[in-house]
Each structure stands twice: as C-alpha cells, then as structure tokens.
Amino acid sequence: MLLLLLFCFPHLLTSLTKVPCGSFDISSSPSAVRLLSHAGFNKRTKYGNLETCSWRLELGSGCEEQKVWCVFLKTKGKKKCKAGDVLRITGTSSGKNIIKRYCGSSKPSVRRPLKLQSTAKILWKTDKKKTSAGFDCRSRRRQGTRGDR
C-alpha cells in the first residue's frame, strides 16, 4: 500500500524548500516552497510580538502562474484582518491587482489556492498583543504558456 501511495504521489518524497524572508525565484525550485510564520514552527509553538517578515516570490521566466495556499493558519487578527496579526498577499490574478488578508483560521486552501500570474508579495506582521500558533503556507509554480491549459 505504501509503495502504491509513493508511486501515485511522488511529491510526498520531495522535501520542501523553506524560504526565509526576502526575495526568492520559485522557478528554481522543483517543488513547492514553504513559508513559515516563525522559526521552530510546529503548530504548538507561538510566534512573537511585533514581528515582520516579507517575501517576494518571483515567478521567473517560463512560469505562467503560481498557486499560494496554507496547510495551517491560526493567528490573532481582528476587524476583518485589518488589524492584529495578519498575513497579507498581493499580486495579479486574471489581469487584476489583488490584495488578500488572512487571519484567525481563514486561509487560501489547497482546494482553493490563490492563483497569481505575477510575483507574489507576502507580508506577515504581528502586533504587540496576544500571539498564536502561526502559519505554514506553500507556493508552487506552473510552467508553460498561456495556451497550455
């Protein structure tokens, strides 16, 4: 059974590249990249107060789209994610500039990822009040041309 699973889902063997704050060209990664709210993230540890981290995930040449999703997200946000501990993702989707804010347990999921046809700009910012477990998000590129669907 295990061999069948590994044969059908070879990506389970691929380790994910953890991306530190800063710029990263995702076209150089053979698999999804991993963004974590804090060092030592494991769903039981908490992120700190007044933390800021920003990522710039470059799409790279030959890549048409990237998908961003979170496998886990638990933060202390408030006022419809306009304040508190918020994960903000910006980019271009279907020709429109978008800004998405995620907090609490609201997140882009693997079934409904955020699809961007541009560089993803991701900002994680916490306030000085309560903290929580944080997030574990991923981004994967899709190569090809617009005609490849």
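Residues numbered from 1 in each chain as written. Predicted model: local features only at pLDDT ≥ 70, side-chain atom pairs only at ≥ 80, totals over all residues. Heavy atoms only, no water.

**Q** How would you sum up the sheet that holds strand β4 (residues 52-58)? Please name residues and give values.
**A** Strand order in the open sheet formed by five strands is β2-β4-β11-β8-β9, and the pairing between neighbours is mixed. Two strands close off the open sheet at either side, each with one partner strand: β2 (22-25) and β9 (96-102). Averaged over all neighbouring strand pairs, the angle between strand axes comes to 15°, with direction disregarded. Here six bridges tie β4 to strand β11 (residues 120-125), and the two strands are oriented antiparallel to one another. Bridge pairing in β11 links serine 54 to leucine 123. (Pairing = 2+ DSSP bridges. Helix = DSSP H or I, 4+ residues; strand = E, 2+ residues; numbered from the N terminus. Axes fitted to C-alpha atoms, helices over the stretch in contact; angles between N-to-C directions.)

**Q** Go over unusual backbone geometry with me, naming the residues and quoting the values.
**A** Peptide bonds are mostly trans, and most non-glycine residues show a negative phi. For lysine 80, which is not glycine, the phi dihedral falls at a positive 55°. For lysine 80, the location among the structural elements is in the loop between β6 (77-78) and β7 (83-84). We note that cysteine 81 has phi near 65°; this positive angle belongs to a residue other than glycine. By the secondary structure assignment, cysteine 81 is in the loop between β6 and β7.

**Q** Just give me the short version of the pattern of salt bridges, but keep the residues and values in it.
**A** Per the stated rule, a full pass over the model turns up six salt bridges. In this structure, aspartate 136 engages arginine 34 in a salt bridge whose closest nitrogen and oxygen atoms are separated by 2.9 Å. Here aspartate 136 is found in strand β12 (residues 134-143), whereas its partner arginine 34 is found in strand β3 (residues 33-36), with 102 residues between them in sequence. Residue lysine 78 pairs with aspartate 127 through a salt bridge whose shortest N-O separation is 3.6 Å. (Salt bridge = Lys/Arg side-chain N within 4 Å of Asp/Glu carboxyl O.)

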